[in-house]
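For reference, the chains in residue letters:
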Amino acid sequence: MPADNVTLEIKWGKETLEYSGAPAAGVKHWKQELQDLTGVPAERVKLMAKTKGLWKGVLKDDFDLGSVDWKSLKPPIQVLLMGSATQVVAPSNKTVFLEDLPPEQAAAVEDPSGLVNLGNTCYLNSVVQCLRAVSPLRRSLQQFQVNSSLGSNPSQAQSALMVTSLRETLQRLDSQATAVHPASLLQATRVVFPQFAQRGPQGQPMQQDAEEFFSGVLTTASSVLNKPEIIKAGFENGVTESELSGADNLIDALFGLKMKETLTCDELPTSDAEPPVISYDLHRKLVCNIQGGSDMQSNLNVSHIAEGIQLALEGKIEKHSDVLGRNAMWTRRQRIARLPRVIAVQFGRFYWKATPDSQDHAGVKCKIMKPVAFSSTLDVYDFCTEEIQKILKVSRDKALVEEEDRINRKLKGQLVNNDADAMEVEEKTKGEEVEMDDELKSALAMSMEESLAPVGPGLPDNFQGIYELFAVVTHKGRDADGGHYMAWVKADNKSSGGKVEKIADTDVDNEDWYVYDDDEVSPCKTEDVLKLKGGGDWHMSYLNFYRAKK
């Protein structure tokens, strides 16, 4: 039996509100009352459950609130409300109804379109929405044409079909206001990767891993997006061979990290040390190891993404030593030797646990729920080789000196906004120099005398190794083979009026984002995204996407 009246704790931005309503009244009635309480129009009220046992994703208008066992829930019953309060005013221009607009215009006016869940396909939907925000990839996909010669190579033909299906799905997301059915992309994916067609005991499609789908998309696209004109289309300002540094396809030019691995033997004294073994490899993502070390032997508590990445790049392995004539322990150390324009970071939340005491000894796939924080930017300086660090340091030192100079001028009351005052300040400060050490002076001299060597394709001038977060794939649930994936993507447009507010007590811009729960799309803010660090049953980050910050 439904409860007569239930009390909810509504989290709305920085406010926490208390709302009491009858489940029998229905969702629309609740939204109307919340409009009176918050000023958020009822049609824009988005309610997401934070307490387990309520509803999945965004509360839909046709959901039966009486189906919830309210009496079994322990207070407080927490619900997240998303939506901005607006003041209703009379229209000054003739009203044009959305249904009267062409599909392309309607798609531009409304919130971005979602993707229909075709049966446990949230893994696909979430990754596609993140790739939608990668502009260089979108530009290159427009240049891709299926070559008739691919018919003689079935594998290449299947890859081309998957890439064209991805392009068509992204185009439909831009051109229609209603949710898109990704049937063609799903079918093409299952042809290239049959494991994504697996079904459960009852015949239902099985849940798949979002990272495995993402890696599959990159692998497939790299095999066909390899023509020079396709690679160049992804870089609006062009790209040189030295910048590509061996990248022979768009995916490696855009996502590829050239990694330098150094192995040193631990069991030899320095004087008799065996020469280190150096090799290079290509990765298309970084891993944040949240178990405490890549060798699984460390008990370090990883609480931030930078700590997890650092640990994943280092570890211990057993390897043959020519000097000792036997296997010995070696230290493995990886560093980035070429930076990409887009960096994907996978949080190592899923792992395989052996079950020797079970009947089948098959083991189980487990999920790590611990919180791992991340910020709106990622500094990769410490993860780079010394050669890359040297180049990045020139730009970083130059920016530091400029910032110190700006602060000094401001403190002296000499910060000016027009050319006349600037000339006066120049006379006053002539002969003055900002104090800097010899290292800073040599770095600045190098930046003025010669152009810096490229650290990666298409990176901004004076790049400092700072990347900004623009998309996140999250996973909710304790079951590694189940649960639900959602995408959180930064909006293209800035906040209204061009002025972006700061997150409370920080210097971080609280920008506009969208959360994609399959076909349900809702607005949110940067502060909501930064809370996706884990530690409970709520959505937690699994894939973070960063782009080079200008």
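Each value, and the rule that gives it
Residue positions within a chain follow its written sequence, with the count starting from 1. Since the coordinates come from a predicted model, pLDDT governs what is reported: local features require at least 70, and pairs of side-chain atoms require 80 or more to be given and counted, while whole-chain, interface and lining totals use all residues. With hydrogens and water set aside, each side-chain value is computed from the structure's full complement of heavy atoms. Think of it this way: any DSSP run of H or I at least four residues long counts as a helix, any run of E at least two long counts as a strand, and we number them from the N terminus. Type-normalised accessible area, obtained with a 1.4 Å probe on protein chains alone, sets the label of each residue: buried when under 20%, exposed when over 50%, and partly exposed for intermediate values. The contact criterion used throughout is that any non-hydrogen atoms of two residues lie within 4.5 Å. Exposure was quantified through the Shrake-Rupley algorithm and a 1.4 Å probe, taking into account, for residues, occlusion by the shown protein chains and nothing else. Put simply, buried Ala, Val, Leu, Ile, Met, Phe, Trp, Tyr and Cys residues joined by side-chain atoms within 4.5 Å make one nonpolar core. By this definition, two strands are paired if DSSP reports at least two bridges between them. Axis lines are fitted to C-alpha atoms, over the contacting stretch for helices. Their N-to-C directions set the angle, which ranges from 0 to 180 degrees. Any angle from 65 to 115 degrees is called roughly perpendicular, while one under 35 is roughly parallel, one over 145 is roughly antiparallel, and all others are oblique. Handedness of a crossing follows from how the near helix is turned relative to the far one, being left-handed for an anticlockwise turn of less than a right angle and right-handed for a clockwise one. When residue character is reported, Ala, Val, Leu, Ile, Met, Phe, Trp, Tyr, Cys and Pro are called nonpolar, Asp, Glu, Lys and Arg charged, and the others, Gly included, polar.

Draft legend 1. Structural detail: the overall build of the protein. Across its full length, the protein carries 15 helices and 18 strands. Classification of the 550 residues of the protein by burial places 45% in the buried group. Excluding contacts between residues fewer than 6 apart, the proportion of contacts in the protein whose partners are at least 24 apart in sequence is 67%. Carbon and sulfur atoms provide 49% of the accessible area of the protein, an area that totals close to 28800 Å².

Draft legend 2. The arrangement of the nonpolar core in detail. Core analysis: the biggest nonpolar cluster contains 61 residues, and Val 128, Leu 137, Phe 213, Phe 214, Leu 225, Phe 255 and Phe 545 have the highest contact counts within it. Setting aside anything within four residues of it in sequence, one finds Val 128 in contact with Leu 115, Leu 166, Thr 169, Leu 170, Leu 173, Leu 185 and Phe 213.

Draft legend 3. View of the sheet that holds strand β9 (residues 326–338). Sheet architecture is open: four strands sit in the order β6-β5-β9-β8, paired in antiparallel fashion. The outermost strands of the open sheet, each flanked by one partner alone, are β6 (277–283) and β8 (314–321). Within this sheet the neighbouring strands show an average axis-to-axis angle of 35 degrees, counted without direction. As defined by bridge partners, strand β5 (residues 257–265) adjoins β9 across eight bridges and the pair is classed as antiparallel. Within β9, the residue paired with Glu 261 across the bridge is Gln 334.

Draft legend 4. Looking closely at the packing of helix α5 (residues 154–175) against helix α6 (residues 183–192). One way to put it is that α5 packs onto α6 with a least axis distance of 9 Å and a crossing angle of 155 degrees. With respect to α6, the axis of α5 lies roughly antiparallel. In this structure, α5 meets α6 at a crossing whose hand is left-handed. Residues Gln 158, Ser 159, Leu 161, Met 162, Ser 165, Leu 166 and Thr 169 of α5 touch α6, and the partners they reach there are Ser 184, Leu 185, Ala 188, Thr 189, Val 191 and Val 192. Residues of the contact of α5 with α6, tallied by class, amount to seven nonpolar, six polar and no charged.

Draft legend 5. Layout of the pairing of strand β18 (residues 540–548). Most of β18 sits out of view: eight of its nine residues are buried. The sheet contact formed by strand β10 (residues 342–347) and β18 spans five bridges and is antiparallel. Following the sheet pairing, Val 345 is matched in β18 by Asn 544. Judged from the eight bridges that link them, strand β14 (residues 466–476) and β18 form a sheet pairing that is antiparallel. Note that in β18 the partner of Leu 469 across the bridge is Tyr 546.

Draft legend 6. Up close: the sheet that holds strand β3 (residues 46–49). The four strands lie next to each other as β2-β1-β4-β3, forming an open sheet whose pairing is mixed. Of all strands in the sheet, those bounded by a partner on one side alone are β2 (15–21) and β3. For this sheet, the mean angle separating the axes of adjacent strands, direction not counted, is 35 degrees. In this structure, strand β1 (residues 6–12) lies alongside strand β4 (residues 77–82), joined through four bridges in parallel fashion. Note on β4: the bridge partner recorded for Glu 9 is Gln 78. Each of β1, β2, β3 and β4 touches helix α1 (residues 27–38); the most contacted strand, β2, lies at about 140 degrees to it.

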